[in-house]
Amino acid sequence: MEIKSDFLVIGSGIAGLSFALKAASSGTVALITKRNIRESATFYAQGGIASVLSKEDTFDSHIKDTLYAGAGLCNREIVELVVKDGPARIQELIQLGVKFSSRTTGNDTELDLGREGGHSKRRIVHAEDLTGKAVEEALVAAVLSNKNISVYEHHIAVDLISHSKFVGQIQEDTVWGAYALDKTKGEIHSFLSKATILATGGAGKVYLFTSNPDIATGDGVAMAYRVGAEISNMEFIQFHPTCLYHSKAKSFLISEALRGEGAILKLKDGTLFMKKHHPMADLAPRDIVARAIDFELKKSGDECVYLDLSHKPADFIRDRFPNIHRKCLEFGIDITAMPIPVVPAAHYTCGGIKTDKEGMTSVNRLYAVGEAACTGLHGANRLASNSLLESLVFADKASEHAIKIIKNTSSEIPPIPQWETRGAVASDEAVVISQNWDEIRRFMWNYVGIVRSDKRLERAKRRITLLKNEINEYYWDFKITSDIVELRNIATVAELIINSASMRKESRGLHYNIDYPEKDDANFLKDTILKLNKLAGLA
Ligand code: FAD
Ligand code: SIN
């Protein structure tokens, strides 16, 4: 089947849905998403959205905090753009019906602003501790009632359609949509479009322990890389310091907002340890807190540390964190009365598909928005709650730009061949997938995790080369399934992370290599850029 639209949006988190709503004002939108429309990292976001919304706060202060967390690699122009655009984007969400938490003092009702690590002011707008759900539900409702948007659930994009592959070589390549697998029917359809938007989220599933949902397999980054787009800063993987440590909890996130409200990290014997690692103690930026926990765990041999909010009134805890309170109770932990066992887990992909200030990638008609993109906002480390903000701002910028491109340039989609079915045999070796999946995620955790070394990176490189060959053989020999598509993508993304980390011979932000424990501004105050078939470099 061939489906034609003006815009093809891949992904239904905050970035994809926001883009689709804006683009739909001037053209037709096909939105494909690999599970049900709500399934996304966005849905699980807890803490909230950072923005300057209080009289006591200033743009300068938010800019300064973002730049400090980014450890020298943020693009200042982008930081200013995102921070200053924030209040208008939050207002749009409110108009769409998102009910953010508020508080009343006297006759005044105002937004209740939370605080998180690295922020010098209270500036996190939130809906209790279920911010992502509130935002996702409002955006989904608006998208489903928009006649210009056609939604295709349970469709996984397999590969982008590039001009040079199917029409002929041109100097600067162009993307005309994507092939996607309809998971319910097992058929591949051609989604052809004049502008294609990758809003596929992050890649936490590359690691054994992650706060991310199962959709986070870095598909957009891998697909963009395969058509020759520039990929930037993949070594900067953010580990969230506090995920619930429980065999059945699947790394459930314990929001940083708990520390913002006074929760304290402790060792098993009650010793406080954060002050000796950073002057901001428990509210230090995430990279520092995650490394401090990793250091303490390696030193003590314990399996987890503890986060304690039980000194706060029980009513306050239940009202402010109803979801976390309920979820922990399911595991027998009453957070109003006892400390919570926590460990770090992979949480956010700071790098991604390199874009300019309008969300354009280095390939014509291909945009990337949200966690899949690397806009320059986060640099070497993302400040808490800046991700949802970035997605909103860039969905807006990219939609404006894509609308103009379609209006002002000749946009005739050339004839594109249907997907060529190959390997028509269904595999009877599903174990190959689970074996490779586990192996990649385990060695990425052990060798390319919170603390790296040249030796560990070399080991990881040898393994990924071997596994990639095996996965590729399997990919071409058997019928395509969404499992093999995702496995192939996590292998590509793992390789990009390893190669980027190997190029950065220093420690900065989220990238810490024990062989080079210091920052080296003279040689590495630059982004890492990887591009298929081109020499990797720093720029
Ligand atoms: P996502 O919301 O992840 O959406 C990606 C979409 O792409 C999904 O619909 C997925 O199914 C689809 N998709 C992926 N690959 C394909 C494919 N091949 N074909 C078709 N569809 C595909 N950030 C904050 O700023 N504040 C917070 O409080 C916060 N809390 C968080 C809590 C948790 C537990 C997690 C995991 C993250 C949190 N983050 C937070 C980070 C933030 O939620 C994400 O960075 C953000 O939601 C990403 O939005 P997105 O639209 O780019 O991607
Ligand atoms: C959290 O609530 O701790 C997550 C916030 C974020 O990832 O920005």
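Look up a bit, the structure's there.
About the criteria used
- Residues numbered from 1 in each chain as written.
- Chains lettered and ligands numbered in written order.
- Predicted model: local features only at pLDDT ≥ 70, side-chain atom pairs only at ≥ 80, totals over all residues.
- Heavy atoms only, no water.
- Helix = DSSP H or I, 4+ residues; strand = E, 2+ residues; numbered from the N terminus.
- Rg over C-alpha atoms; globule rule 2.2 N^0.38 Å.
- Lys, Arg positive; Asp, Glu negative; His and termini not counted.
- Charge placed at Lys NZ, Arg CZ, Asp CG, Glu CD.
- Near = heavy atom within 4 Å.
- Polar contact = N/O pair within 3.5 Å; in protein donor to acceptor, adjacent residues only side chain to side chain.
- Areas by Shrake-Rupley, 256 points an atom, 1.4 Å probe, with all protein chains shown as cover.
- Nonpolar A, V, L, I, M, F, W, Y, C, P; charged D, E, K, R; others polar.
- Pairing = 2+ DSSP bridges.
- Axes fitted to C-alpha atoms, helices over the stretch in contact; angles between N-to-C directions.
- Contact = heavy atoms within 4.5 Å.

A. Summary view of the overall build of the chain. A tally of regular secondary structure across the chain gives 16 helices and 21 strands. The C-alpha atoms of the chain give 22 Å as radius of gyration, which agrees with the globular expectation for 539 residues (24 Å, within 12%). Considered along the principal axes of its C-alpha atoms, the chain spans approximately 65 × 60 × 50 Å. Side chains of the chain carry 67 positive and 69 negative charges; the gap between the two charge centres is 2 Å.

B. Region of interest: the site of ligand 1. Taken together, 38 residues are adjacent to ligand 1, and Thr42, Gly48, Asp219, Glu371 and Ser387 come closest. Between ligand 1 and threonine 33, the relevant distance is 3.1 Å, taken from an oxygen atom to a side-chain nitrogen or oxygen of the residue. The separation between a nitrogen atom of ligand 1 and a polar side-chain atom of serine 385 is 3.5 Å. In isolation ligand 1 has 1000 Å² of accessible area, and contact with the protein removes 98% of it. Sorting the residues of the shell around ligand 1 by element identifies helix H1 (14-23), helix H2 (41-44), strand S9 (155-162), strand S16 (340-349) and helix H12 (386-408) as the ones contributing at least two each. Split into classes, the residues belonging to the shell around ligand 1 amount to 14 nonpolar, 19 polar and five charged.

C. Structural detail: the site of ligand 2. Near ligand 2, the surroundings consist of Gln46, Gly47, Glu116, His240, Leu253, Ser255, Glu256, Arg286, His347, Arg382, Ala384 and Ser385. Between an oxygen atom of ligand 2 and a side-chain N or O atom of arginine 382, the distance comes to 2.8 Å. Protein coverage of the free-state accessible area of ligand 2, which is 260 Å², stands at 92%. The residue makeup of the shell around ligand 2, split by class, is two nonpolar, six polar and four charged.

D. The arrangement of unusual backbone geometry in detail. Of note, alanine 71 is a non-glycine position whose phi angle comes to about 55 degrees, a positive value. Relative to the helices and strands, alanine 71 is located in the loop between helix H3 (59-69) and helix H4 (76-96). At glutamate 128, a residue that is not glycine, the phi angle is positive and equals roughly 45 degrees.

E. The sheet that holds S16, seen in detail. Taken in spatial order, the four strands line up as S13-S16-S15-S14 in an open sheet, and their pairing is antiparallel. Taken across any chain shown, the strands that pair with only one partner, and hence form the sheet edges, are strand S13 (237-244) and strand S14 (264-266). Strand-to-strand twist across the sheet, computed as the mean angle between neighbouring axes with direction ignored, equals 45 degrees. As judged from the six bridges shared by S13 and S16, these two strands associate in the antiparallel manner. Of the residues in S16, the one forming a bridge with leucine 244 is valine 342. Along the sheet, helix H9 (residues 286-300) contacts S13, S14, strand S15 (305-308) and S16; its crossing angle with S13, the most-contacted strand, is approximately 60 degrees.

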